[in-house]
Structure formats: C-alpha cells, structure tokens
Amino acid sequence: MTFVAGLLALTACTPAGTASVGPATAPATSAPAPAPVTTPQGPPGALPRDGEVRRLPRPGALPPVISSIPTKRKVVFLTIDDGWEQDPGFVRQIRERRIPITAFAMRDAVEAKGTPDESGGPARFVGAGKWGYFRQLRDAGVPIENHTLTHPNLSLLGYDAQRREICGSSSLIKKELGGRPTLFRPPFGNYNTDTLRAAKSCGMNAVLLWTATVQPGGKIAYQVPDKKLRPGDILLLHFRPNLARDFRILVNKIKRRGYELGNLRAYLKEHGVR
Ligand SMILES: [Zn+2]
C-alpha cells in the first residue's frame with residue numbers, strides 16, 4: 001500500500017489537469033514518438049527563382065566560358081580545385097551544414113603525385129584518402145568535375161595533348177566515382193580555342209573560371225577593383241592545409257555580408273548550360 005501511496009503523491013505533484021486519467025506512469029512507459037519521416041532532401045544551397053538568371057545568348061559550337069552567374073540576387077558559388085590536402089573536417093562541414101560546393105579534381109593532386117600546394121602552411125592530410133576522399137565528397141552531394149590529369153598550362157599544348165588531359169581525367173573520374181564530369185576548369189585559367197574544342201569532344205558542357213580566389217585564413221582576393229563580393233561571383237578555393245578552419249571563416253564571412261550560397265549546377269542549368 002505504501003507503494004501506491006507514493007504513486008499518488010507523485011501524481012499530486014503534476015500540474016493541474018495532466019493527471020486526471022490513467023496511471024501516473026503512463027507518459028514514461030508509452031512508446032517513444034515515431035521519428036519524423038525524413039523527406040528526401042533537395043540539392044544543397046539556394047536554387048534559382050524563375051526568370052532570375054539571364055540566359056546565354058544562344059548555344060554556340062563550343063562550350064561557353066563562364067566566370068560568374070548573371071543574377072542580381074545576393075548569391076555566390078563556391079568551387080574548390082586540385083585535391084592535395086584531404087582534410088576530413090572539411091567533408092564533415094560540407095555534409096553536416098549542407099554547403100553547396102563544386103570540386104574540380106586533378107589526378108596528380110588526388111593521388112598525391114608530385115609536390116603539394118602548401119601555401120596555407122604545413123600539410124597534414126596530403127593524399128590521405130586518395131579517390132576515397134572524393135567518394136566521400138560525392139556522397140555529401142559535391143559534384144566532382146574535371147581539372148586535367150597533370151595540371152599543365154594547356155595554352156602551351158597542342159590539341160591532341162590537351163584532349164588527352166581532359167578526356168583522360170573524365171574517364172578516370174568515371175572509373176573512380178561512377179559519374180562523368182560535364183564541367184571543365186583549365187589549370188591557371190589558361191585556355192585557347194583548342195582547349196574549347198578538346199573540352200567539347202570530351203563531353204564538357206562549359207568551361208568554368210572564377211571571379212575571386214580564397215587565400216589561407218579565408219581571405220578573399222578579388223579580381224575587381226572595389227574589393228566587394230558581387231551577385232553571381234564564383235569563388236575559387238584549393239584543398240590546402242587548414243582548409244576546415246579557413247572554410248568555416250569564409251562561409252561565415254559570406255553569410256555576414258548577406259549573401260547566400262548557391263547551387264552552381266542548378267544555376268548553370270537556368271543559365272542555359274546543359
Ligand atoms: Zn588547379
């Protein structure tokens with residue numbers, strides 16, 4: 001009987017109106033609420049609104065060269081090149097914060113052949129996961145695009161050699177990651193008409209350049225005199241040491257300035273890139 005009395009005493013402590021029917025322990029023993037149904041998530045990042053993006057004039061014979069997205073909305077796009085430093089903290093941020101970014105993978109960097117880019121400090125994760133790292137990025141929603149096999153200055157190569165660099169990279173990415181790239185970024189931003197012809201023959205729908213680069217510490221180096229972000233800017237980062245830390249600084253800075261991060265693939269489609 002003392003046990004029952006204890007229960008009644010507990011019941012008495014509950015707020016008025018909550019303990020009128022049934023045993024006092026009911027809330028604790030009832031089945032946990034079912035987990036909310038997870039609706040499939042759309043692509044990460046801001047998506048273009050109807051009529052927001054100016055269309056390309058008309059499809060030409062060669063892939064368009066694009067440095068920024070023609071929009072008036074405060075939206076910018078993040079891209080990251082090469083693949084030397086494979087910081088696991090970066091993948092976690094992308095996955096957990098659903099940050100839209102497009103990666104341009106270069107074979108020799110991903111496979112850690114040659115000299116890494118250590119301009120951000122001493123490297124810790126050079127080639128740590130090889131293509132496995134890019135599979136993790138892919139699984140976190142990052143499109144993996146083409147940035148050649150060996151990072152040459154393409155404008156110094158003939159058509160056939162350029163084609164080997166671009167088509168070879170696409171075939172390798174298809175083999176390692178299962179999807180064939182459709183965007184090409186020329187190393188150093190250097191290209192000529194042969195590059196565009198080769199890119200087209202390797203299945204590239206556009207050549208992607210950039211309007212600003214991101215330096216160690218998350219500092220933005222602009223290619224325009226007024227040193228401001230502009231709607232539609234495409235930012236270029238590299239897989240450098242301290243990437244996870246620098247990336248957090250960068251994303252917070254962009255948001256503080258009132259900009260959203262856009263989904264590049266969706267914006268390119270609105271722009272008229274297949
Ligand atoms: Zn590069």
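This text follows the structure it describes.
This write-up is about the structure you can find in this document. (Residues numbered from 1 in each chain as written. Predicted model: local features only at pLDDT ≥ 70, side-chain atom pairs only at ≥ 80, totals over all residues. Heavy atoms only, no water.)

1. What about the overall build of the protein?
For the record, the criterion: Only DSSP runs of H or I reaching four residues or more are called helices, and only runs of E reaching two or more are called strands; each is numbered from the N terminus. Each residue is assigned to one of three classes by its accessible area relative to the maximum for its type, calculated with a 1.4 Å probe on protein chains only: buried under 20%, partly exposed between the two thresholds, exposed over 50%.
What the protein contains, in helices and strands, is nine helices and ten strands. Within the protein, the proportion of its 274 residues that are buried is 45%.

2. Section: the coordination of the zinc ion
What counts here: Sites may look incomplete because water is not among the atoms; the donors themselves are N, O and S atoms within 2.8 Å of the metal, or within 3.2 Å for Na, K and Ca.
Ligation of the zinc ion by protein atoms is provided by Asp82 (OD), His147 (NE2) and His151 (NE2), these donors lying 2.0 to 2.2 Å from the ion. Between the donor residues of the zinc ion, the gaps in sequence give the motif D-x64-H-x3-H. Pair noted here: Asp82 is in strand E2 (residues 75-82) and His147 is in the loop between strand E4 (144-146) and helix H6 (159-177), with a separation of 65 residues, a long-range link. A relative accessible area of 2% means that His147 is categorised as buried.

3. Examining the nonpolar core
This is how it is decided: Buried Ala, Val, Leu, Ile, Met, Phe, Trp, Tyr and Cys residues form a nonpolar core when they are joined through side-chain atoms within 4.5 Å. Contact definition: two residues touch when any of their heavy atoms are within 4.5 Å.
Membership of the largest hydrophobic core comes to 37 residues, with the highest contact counts inside it found for Leu78, Phe90, Phe134, Leu235 and Phe247. Ranked by the residues each element gives to this core, the list is headed by helix H8 (residues 243-256), at five residues. Each residue touching Phe134, except ones within four places of it in the same chain, is listed here: Asp82, Gly83, Gln86, Ala103, Ala105, Val110, Ile144, Leu177 and Phe239.

4. Brief notes about the state of the cysteines
This is how it is decided: Throughout, disulfides are identified as pairs of cysteine sulfur atoms within 2.5 Å of each other.
All told, the structure shown has one disulfide when counted by the stated rule. Covalently, Cys167 is tied to Cys202 through a disulfide, its sulfur atoms 2.0 Å apart. On the S-S bond that ties Cys167 to Cys202, the torsion sits near -95°, and the link is left-handed. Here Cys167, found in helix H6, pairs with Cys202, found in the loop between helix H7 (193-201) and strand E6 (206-208); they are 35 residues apart in sequence, far enough to count as distant. Cys202 shares its class with Cys167; the two are buried.

5. Observations regarding the pattern of salt bridges
Spelled out, the test is: Each salt bridge in this description consists of a side-chain nitrogen of Lys or Arg and a carboxyl oxygen of Asp or Glu lying within 4 Å of one another.
Applying the stated criterion across every chain yields a total of twelve salt bridges. For Arg73, the salt bridge is made with Glu52, and the minimal N-O distance between the two is 3.0 Å. On the criterion of sequence distance, the pair formed by Arg73 in the loop between strand E1 (65-66) and E2 and Glu52 in the loop between helix H2 (26-29) and E1 is long-range, its members being 21 residues apart. Comparing Arg73 with Glu52 shows no difference in burial state: the two are buried. A salt bridge links Arg185 to Asp81; its shortest N-O distance comes to 2.8 Å. Of this pair, Arg185 sits in the loop between strand E5 (183-184) and H7 while Asp81 sits in strand E2, and the two are 104 residues apart along the sequence. Overall, the relative accessible area of 0% leaves Arg185 in the buried class. Taken together, the shared-partner salt bridges connect Glu52, Arg73 and Glu260 into one network.

6. A short note on the pairing of strand E7 (residues 212-215)
Filter applied, for reference: Note: two strands are recorded as paired if DSSP finds a minimum of 2 bridges between them.
Bridging between E7 and strand E8 (residues 219-222) involves four bridges; their strand directions are antiparallel. Across the sheet, the residue bridging to Val214 is Ile220, located in E8. Where E7 folds back on E8, the antiparallel hairpin that results is connected by three residues, among which Gly217 adopts a positive phi of roughly 90°. Relative to strand E9 (residues 234-238), E7 runs parallel, the two being bridged by two bridges. Directly across from Ala212, in E9, lies its bridge partner Leu235.

7. Quick word on helix H3 (residues 88-97)
What counts, and what does not: Two N or O atoms count as a polar contact when they lie within 3.5 Å, although within protein this holds only if one can serve as hydrogen donor and the other as acceptor, and sequence-adjacent residues are included solely when both atoms are side-chain atoms.
Taken together, the buried positions of H3 are Gly89, Phe90, Val91, Gln93 and Ile94. On its buried face, H3 is in contact with E2, helix H5 (130-139) and H8. Its side-chain oxygen placed 2.8 Å from the backbone nitrogen of Gly89, Asp87 serves as the N-cap of H3. Arg98 sits one or two residues past H3 and shows a positive phi near 50°.

8. Looking at the packing of aromatic side chains
Put simply, the test is: Side-chain rings of Phe, Tyr and Trp (the six-membered ring for Trp) are treated as a pair once their centres are within 6.5 Å; stacked means planes under 30 degrees apart, edge-to-face means over 60, and tilted covers the remaining angles.
Overall, the coordinates contain seven aromatic pairs when judged by the stated rule. With 4.9 Å between their ring centres and 85° between their planes, Phe90 and Phe247 make a pair best called edge-to-face. With Phe90 in helix H3 and Phe247 in helix H8, the pair connects residues that are 157 residues apart, well separated along the chain. Since its relative accessible area comes to 0%, Phe90 is described here as buried. Pairwise contacts between aromatic rings join Phe90, Trp131, Tyr133, Phe134, Phe239 and Phe247 into one cluster.

9. Here we look at the side chain of Glu52
Given the relative accessible area of 15%, Glu52 is considered buried. One polar contact links Glu52 to Arg73, side chain to side chain, over a distance of 3.0 Å. A polar side-chain atom of Glu52 sits 2.7 Å from a polar atom in the side chain of Tyr267. Residue contacts for Glu52: discarding those within four places in its chain leaves Leu47, Pro70, Thr71, Arg73, Val75 and Tyr267.

Functional significance is not addressed by these values, which are geometric in nature.
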